[in-house]
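These are the residues of each chain, in order.
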Amino acid sequence: MKIGFVGLGIMGKPMAINLVKAGHEVFGYDFNQENVAELVKAGGFEAESGKDAAQKGEIVITMLPNSPHVESALFSENGIAEGLTEGQTVIDMSSISPVASKDFSVRLAELKVNFLDAPVSGGEPKAIDGSLAVMVGGDEEVFNRFKDVLDVMASSVTLVGEVGAGNLTKLANQMIVAINIAAISEAYSLAKKAGVDPSRVYQAIRSGLAGSTVMDQKSQKIFDGDFTPGFRIDLHIKDLQNALDSSHAYNVSTPFTAQAMEILQVLKAHDYGSDDHSGIARYYELVNNQKLQ
């Protein structure tokens, strides 16, 4: 299949390369020419603009930081919408506001273009090895038509509801991940202060009820003090802001998410915004005046 792919960043580039490896013709566009060059080196092709990517692809996938970036990629001059024809499909794999997803769907429907919101979870490592979790909102027939494409990039692809449901599910995921990392870091901080090795605490509890994928993936990074980004704190702040905005729109109380957001804001104020979100542990190091390594 010919696929236009707009957004070749930390996540988008390996996702696009995996599509190339699976035999698809991928036409990539990004402001960062080095990332485009890497896609071309892997066997993909360069698109000159979002419009060009849409004209060359049977479908268009977007993978961008937030709602305004997706809107610009879709509807700006030389954007994707200018290159679309009736019956094409846009699959937005960015993590954005569910309200924005619904708006984009309506605007594209006026062009008789299908839209799926299909955000992902798993960070850069799973984008590289093609084992992301994808949560999709949109029409079931459209979803079934392109599920095989999504399967190339993921180990799990689930239709969760209508347009917007994918991003609402992603926000739920991000709420749980941030709160989980905070809880783990808090517990390890108590252990350290009490003279108990946090790494041994992890080994003792990881197979019990407190165990989680988050604990397994993030604990060693915390113990090593290695906060090389797989998923940056700045991006998690963006996701939690969307979660809080959505919770206010639906009149839902989310106090743990609000507290996690405050922790992330402290870290951003200390110039840790580009660190991996496992760096939430640094907040506890700051307030407790101790290292967890």
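Higher on the page you've got the structure.
Residues numbered from 1 in each chain as written. Predicted model: local features only at pLDDT ≥ 70, side-chain atom pairs only at ≥ 80, totals over all residues. Heavy atoms only, no water.

J.: Whenever I open this one, the overall build of the protein chain confuses me. Can you help?
T.: The secondary structure content of the protein chain amounts to 14 helices and nine strands. Taken against the 2.2 N^0.38 rule, which gives 19 Å for 293 residues, the C-alpha radius of gyration of the protein chain at 20 Å falls within 12% of a compact globule. Put simply, the protein chain has 293 residues, and 52% of those count as buried. In the protein chain, the share of contacts with a sequence separation of at least 24, taken over all contacts with a separation of at least 6, comes to 65%. Between the mean site of the 24 positive side-chain charges and the mean site of the 37 negative ones, the protein chain shows a separation of 6 Å. (Helix = DSSP H or I, 4+ residues; strand = E, 2+ residues; numbered from the N terminus. Rg over C-alpha atoms; globule rule 2.2 N^0.38 Å. Buried < 20%, exposed > 50% of the residue type's maximum accessible area, 1.4 Å probe, protein only. Contact = heavy atoms within 4.5 Å. Lys, Arg positive; Asp, Glu negative; His and termini not counted. Charge placed at Lys NZ, Arg CZ, Asp CG, Glu CD.)

J.: Quick question: what am I supposed to make of the packing of aromatic side chains here?
T.: Note on aromatic pairs: each is described by the distance of the centres and the angle between the planes. Considering all chains together, one arrives at six aromatic pairs under this definition. Their ring planes at 55° and their centres at 6.1 Å tell us that Phe75 and Phe104 sit as a pair that is tilted. Taken together, the residues Phe75 in helix α4 (residues 67-75) and Phe104 in helix α6 (residues 98-109) connect sequence positions 29 residues apart. A residue is classified by how much of its surface remains accessible, and Phe104, at 2% relative accessible area, is buried. On the numbers, 5.0 Å between centres and 45° between planes, the contact of Tyr188 with Phe223 is tilted. With Tyr188 in helix α9 (residues 165-193) and Phe223 in helix α11 (residues 213-224), this residue pair connects regions lying 35 residues apart in the sequence. Taken as a pair, Tyr188 and Phe223 share a single burial class, namely buried. Among the aromatic residues, those joined into a ring-pair cluster are Tyr188, Tyr202 and Phe223. (Phe/Tyr/Trp six-rings, centres within 6.5 Å; stacked < 30°, edge-to-face > 60°.)

J.: Would you take a moment to explain helix α13 (residues 255-269) for this structure?
T.: Working note: α-helix, 3.6 residues per turn, so residues spaced by three or four point in the same direction. Taking 1.5 Å of rise per residue, the 15 residues of α13 would be expected to cover 21 Å, and the 21 Å separating its terminal C-alpha atoms lies within 8% of that figure. Buried residues of α13: Thr257, Ala260, Met261, Ile263, Leu264 and Leu267, and no others. For α13, the angular spread of buried residues about the axis comes to 160°, placing them on one side. In α13, the exposed positions that point more than 90 degrees away from the buried face belong to Pro255 and Ala269. Buried residues along α13 sit against α9, α12 (233-249) and α14 (280-288). Following α13 by one or two positions, Asp271 adopts a phi angle in the positive range, close to 65°. (Expected span 1.5 Å × (residues − 1). Arc of directions from axis to C-beta.)

J.: How do you make sense of the pattern of salt bridges when you look at a structure like this?
T.: Charged atoms that come close allow side chains of opposite charge to pair. Tallied over the full model, the rule gives 12 salt bridges. As a salt-bridge pair, Asp216 and Arg206 come within 3.2 Å of each other at their nearest N and O atoms. Of this pair, Asp216 sits in helix α11 while Arg206 sits in the loop between α10 (198-205) and α11, and the two are 10 residues apart along the sequence. We classify Arg206 as partly exposed; its relative accessible area is 33%. When salt bridges that share partners are traced, they join Glu71, Asp103 and Arg107 into one network. (Salt bridge = Lys/Arg side-chain N within 4 Å of Asp/Glu carboxyl O.)

J.: I would appreciate a short explanation of a nonpolar patch on the surface in the present structure.
T.: Among the surface-exposed residues, Leu168, Tyr250 and Val252 lie close enough to one another that they form a single nonpolar patch of about 290 Å² accessible area. Checked against the element boundaries, Leu168 lands in helix α9. (Patch = residues over 30% accessible without salt bridge, like charges linked within 9 Å, V, L, I, M, F, W, Y side chains within 5 Å. Areas by Shrake-Rupley, 256 points an atom, 1.4 Å probe, with all protein chains shown as cover.)

J.: So what exactly am I meant to see when it comes to α12 here?
T.: Along its 17 residues, α12 runs 24 Å from first to last C-alpha, staying within 8% of the 24 Å computed at 1.5 Å per residue. All of the buried residues in α12 are Ile233, His236, Ile237, Lys238, Asp239, Leu240, Asn242, Ala243, Leu244, Ser246 and Ser247. Looking at the buried residues of α12, the elements they touch are α6, α9 and α13. One or two positions beyond α12, positive phi appears at Asn251, with a value near 60°.

J.: What exactly am I supposed to notice about the pairing of strand β6 (residues 114-117) here?
T.: Within a regular beta strand, the side chains point alternately toward one face of the sheet and then the other, so they alternate between its two faces. In this structure, strand β5 (residues 89-92) lies alongside β6, joined through four bridges in parallel fashion. Residue pairing for β6: Thr89 is matched across the bridge by Asn114. In this fold, the crossover linking β5 to β6 by way of α6 has right-handed handedness. (Pairing = 2+ DSSP bridges. Right-handed = clockwise from strand over helix to strand, strands pointing away.)

J.: Please explain the nonpolar core as it appears in this structure.
T.: Nonpolar side chains in soluble globular proteins tend to end up buried together. Counting residues in hydrophobic clusters, the biggest one holds 32 residues, and the most contacted among them are Phe5, Met15, Ile61, Ile91 and Met93. Only β1 (2-6), α1 (12-21), α2 (33-41), β4 (59-62), β8 (132-137), α8 (140-152) and β9 (154-161) provide two or more residues apiece to this core. Beyond its immediate chain neighbours, meaning those up to four positions away, Met93 contacts Met15, Ile61, Thr62, Met63, Ala118, Pro119, Val120, Val134, Leu150 and Met153. Within the second largest apolar cluster, 28 residues are counted, among which are Ala182, Ile233, Leu240 and Ala281. (Core = buried A, V, L, I, M, F, W, Y, C linked by side-chain atoms within 4.5 Å.)

J.: Could you clarify how one ought to interpret unusual backbone geometry in this entry?
T.: Glycine aside, residues mostly have negative phi angles, and peptide bonds mostly take the trans form. In this structure, Lys112 is a non-glycine residue whose phi angle is positive, near 60°. Looking at the secondary structure, you find Lys112 in the loop between α6 and β6. Located in the positive-phi region is Asn251, a residue other than glycine, with phi close to 60°. Here Asn251 is to be found in the loop between α12 and α13.

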